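Coordinates in review
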Amino acid sequence: MTYAAGIIGIGSYLPEKNLTNQDLEKMVDTSDAWIVERTGIRNRHIAAPEQATSDLAYEAAVKALADADTKPEELELIIVATETPDYKYPSTACLLQARLGAKEAACFDLSAGCSGFVYGLGIGSQSIASGLYQKVLVVGAETLSRIVDWTDRNTCVLFGDGAGAAVLGRVEEGYGILSLDLGADGTGGKHLIQPAGGSRNPATHATVDAHDHTIHMDGQDVFKFAARKMPAACKKVLQKAGLSIDDVALLVPHQANLRIIENAMARLKIDREKVWINIDRHGNMSAACIPVCLTEARDAGRLKKGDNVIAVAFGAGLTWAGALLKWAK
Ligand code: UT7
């Protein structure tokens, strides 16, 4: 016996502080014109010094729980997708569990780069479908500003901080997650990496001096991977569910670069009105992008019961992830 599983509540949180392209012009050799033309980004949010990833996650989770009319004690599993955990251990999911008072929920952090939230959606929904759990919290939360090299114009203009959360539960038959496509190409790992701080290159004065605790990226390699994999993952989930792109009410793509999104729109032949884009306002928040987009779309009245929605992402790993949902609320 399997159960239909889907999103029953969502919420998001963005730190108050804004960092505009004009601010960045004063920090590195860049320009508003270059950033807007090459990425589509105009602004990003930056966590306050006292805010860590679990603090952002908490704010989003509280809203998602209220939206789902769910008490923290009902949660049986908490997954936090992040590349910027508060600590190496304990997991940010455990810190969040304690703060929420979600007594005894199983907890783990999920490292799949920007695909992390959709990976979490997949794993969380399958644990409900199998009957193992009834209520699962999936969070995508990042404080990328803490691992950005603020002297590297190739990367520092791209990223921002934020969090989004979804409560998953049993839904009406035929609704919720209809199909998934989760995958990775580990041979591309070197293209997007934080080289130091793990067991390969533990922290030393030399690794700090070399800025090896920050994001290192071969932008064009990641771009090519994304351009190929985002449309492919969308086609895969549609094919698995026996639907076509015309059946999709809303496409929610990972927000890494407007040109990557436009490329995917062209390959999929989907109109811009059906695609949620907020990269101009928030930049790339890695695992937080998709749940923040979903929350904004819901708030704008763009998610109605029965709508087919695709969430699709790519990221460090290199990973990709697509999920097709029939909106259940
Ligand atoms: O979520 C997953 C994470 N990452 C991604 O998805 C990133 C995917 N890749 C990209 O979005 C793009 O590759 C970037 C936005 C990172 C770069 O855009 P690009 O069109 O691939 O530029 P490029 O790396 O080929 O650089 C072109 C030029 C270079 O100058 P030269 O060598 O031609 O003189 C760069 O040094 O633009 C220069 N450049 C900049 N100029 C002004 C790079 N960054 C900047 C900057 N401001 N911020």
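Use the structure listed above.
First, a word on scope: everything that follows refers to the structure included in this document. (Residues numbered from 1 in each chain as written. Predicted model: local features only at pLDDT ≥ 70, side-chain atom pairs only at ≥ 80, totals over all residues. Heavy atoms only, no water.)

1. Let's talk about the pattern of salt bridges
- Applying the stated rule across the entire model yields 10 salt bridges.
- Residue Asp29 is joined to Arg153 by a salt bridge in which the shortest nitrogen-to-oxygen separation is 3.7 Å. With a gap of 124 residues between them, Asp29 in the loop between α1 (21-25) and α2 (32-39) and Arg153 in helix α6 (residues 153-156) connect regions that are remote in the sequence.
- Three or more residues joined by partner-sharing salt bridges are found here, namely Asp67, Arg298, Asp299 and Lys329. (Salt bridge = Lys/Arg side-chain N within 4 Å of Asp/Glu carboxyl O. Helix = DSSP H or I, 4+ residues; strand = E, 2+ residues; numbered from the N terminus.)

2. Thoughts on the packing of helix α8 (residues 219-241) against helix α9 (residues 258-268)
- Contact geometry of α8 with α9 gives a least axis separation of 9 Å together with a crossing angle of 40°. Between α8 and α9, the angle is such that the two are oblique. Our pair here, α8 against α9, has a crossing hand that is right-handed. On α9, the residues that touch Phe223, Ala226, Ala227, Arg228, Met230, Pro231, Cys234 and Lys235 of α8 are Arg259, Ile260, Asn263, Ala264, Arg267 and Leu268. (Axes fitted to C-alpha atoms, helices over the stretch in contact; angles between N-to-C directions. Parallel < 35°, antiparallel > 145°, perpendicular 65-115°, else oblique. Left-handed = near helix turned anticlockwise from the far one by under 90°. Contact = heavy atoms within 4.5 Å.)

3. Quick word on a nonpolar patch on the surface
- Taken together, the side chains of Phe108, Ile123 and Leu182 present a nonpolar region at the surface, about 220 Å² in accessible area.
- Of the residues examined, Ile123 reaches a relative accessible area of 41% and is grouped as partly exposed. (Patch = residues over 30% accessible without salt bridge, like charges linked within 9 Å, V, L, I, M, F, W, Y side chains within 5 Å. Areas by Shrake-Rupley, 256 points an atom, 1.4 Å probe, with all protein chains shown as cover. Buried < 20%, exposed > 50% of the residue type's maximum accessible area, 1.4 Å probe, protein only.)

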